[in-house]
Amino acid sequence: MHGLINRAIQCFVRDTCGPDAWERLARVAELPPSGFEAMFVYDDQITERMLDTAVLLLAKPRDVLLEDVGTYLVSNPNVEPLRRLLRFGGETFLEFLQTVDDLPRRAQLALPDLELPSIEVIGVEEDTFRIGCHWAHAGFGHVLVGMLRTLADDYGALVLLDHHGCEDQVETVTVQVLREGFAVGRPFQLASEGRAS
């Protein structure tokens, strides 16, 4: 597994539960105490061991934990560049959904060796989107649910999301957009604010 993915889970635990929680998880799961290097590649079993231990120590079901990771990746100030990358997908949440299958390609422009699941919009009916996530590692669909729910709030849209399980390594998520301008979205700038000179 790419170190960037492992580090994202590490940062989620550290930033949401505190450094002591990460240190305990690393000790119990026999992980590197200093954490993961973002540009290294690690054995997949290390990632599985980290997730299994996080489920036990944080007392959360695996799907809830993964959804919380997805929420963290879009909402936490420490990973603001990812939010900006995602918001490039469109002016509205509906426009964003129409470009969601392009996310892995955009990420690989920045990190060519980053292996991500393929994402495909496999059906659209009125304002309902069916999105398929194909990956050898089960669970990314739950991460996507957390990301999409948080992005909907970010855009000010009211949505219903549902994870429909996994079949033949494809997880299916449905997104029903009930109202685009339901609330005032978070402010968004294409670039981070520069320092005053």
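Residues numbered from 1 in each chain as written. Predicted model: local features only at pLDDT ≥ 70, side-chain atom pairs only at ≥ 80, totals over all residues. Heavy atoms only, no water.

Next up on the list: the pattern of salt bridges. For the coordinates displayed, the defined rule picks out six salt bridges. Between R149 and E67 there is a salt bridge whose closest N-O contact spans 2.1 Å. Of this pair, R149 sits in helix α8 (residues 140-155) while E67 sits in helix α4 (residues 62-75), placing them 82 residues apart in sequence. A salt bridge links D102 to R105, with the nearest nitrogen and oxygen atoms 2.7 Å apart. Under the relative-accessibility criterion, D102 is labelled partly exposed at 24%. The class of R105 is partly exposed, set by a relative accessible area of 47%. Linked through salt bridges whose partners overlap, the residues forming this network are E48, D52 and R62. (Salt bridge = Lys/Arg side-chain N within 4 Å of Asp/Glu carboxyl O. Helix = DSSP H or I, 4+ residues; strand = E, 2+ residues; numbered from the N terminus. Buried < 20%, exposed > 50% of the residue type's maximum accessible area, 1.4 Å probe, protein only.)

Next up on the list: the sheet that holds strand β3 (residues 158-167). With respect to topology, four strands assemble into an open sheet ordered β1-β2-β4-β3, the strand pairing being antiparallel. Looking at strand neighbours, the two that pair on one side only are β1 (118-125) and β3, the edges of this open sheet. Sheet twist, expressed as the average angle between the axes of neighbouring strands with direction ignored, equals 20°. The sheet contact formed by β3 and strand β4 (residues 170-179) spans eight bridges and is antiparallel. Within β4, the position partnered with V159 by the bridge is V177. (Pairing = 2+ DSSP bridges. Axes fitted to C-alpha atoms, helices over the stretch in contact; angles between N-to-C directions.)

Before going further, it helps to examine the pairing of strand β2 (residues 128-134). Both faces of the sheet carry side chains from a regular strand, because those side chains alternate between them. The pairing of β1 with β2 spans seven bridges and is classified as antiparallel. Following the sheet pairing, V121 is matched in β2 by I131. Hairpin geometry of β1 and β2 is characterised by an intervening segment of two residues between the two adjacent antiparallel strands and by a positive phi of about 50° at E126. Here seven bridges tie β2 to β4, and the two strands are oriented antiparallel to one another. Pairing of H134 across the sheet is with V170, part of β4.

Overall, the coordinates contain eight aromatic pairs when judged by the stated rule. A centroid spacing of 6.0 Å and a plane angle of 25° characterise the contact between F93 and F96, whose relative ring orientation is stacked. Highlighted residues: F93 and F96, both in helix α6 (residues 93-97), separated by three residues, approximately one helical turn. Among the residues examined, F96 registers a relative accessible area of 1% and is labelled buried. By way of ring pairs, the aromatic residues W22, F36, F40 and Y42 are connected into one cluster. (Phe/Tyr/Trp six-rings, centres within 6.5 Å; stacked < 30°, edge-to-face > 60°.)

Another point: the confidence of the model for the protein chain. Looking at the protein chain as a whole, the pLDDT averages 87, with 91% of positions reaching at least 70. The spread of mean pLDDT over the elements of the protein chain runs between helix α7 (residues 103-110), the lowest at 76, and helix α3 (residues 44-58), the highest at 96. Within the model, pLDDT remains below 50 along residues 193-197, and this stretch shows zero contacts once partners closer than five positions in the same chain are excluded. (pLDDT = per-residue confidence, 0-100. Contact = heavy atoms within 4.5 Å.)

The grouping of L158, L160 and L178 at the surface amounts to a nonpolar patch, some 240 Å² of accessible area in total. Structurally, L158 is set in strand β3. You can call L158 partly exposed: its relative accessible area is 30%. (Patch = residues over 30% accessible without salt bridge, like charges linked within 9 Å, V, L, I, M, F, W, Y side chains within 5 Å. Areas by Shrake-Rupley, 256 points an atom, 1.4 Å probe, with all protein chains shown as cover.)

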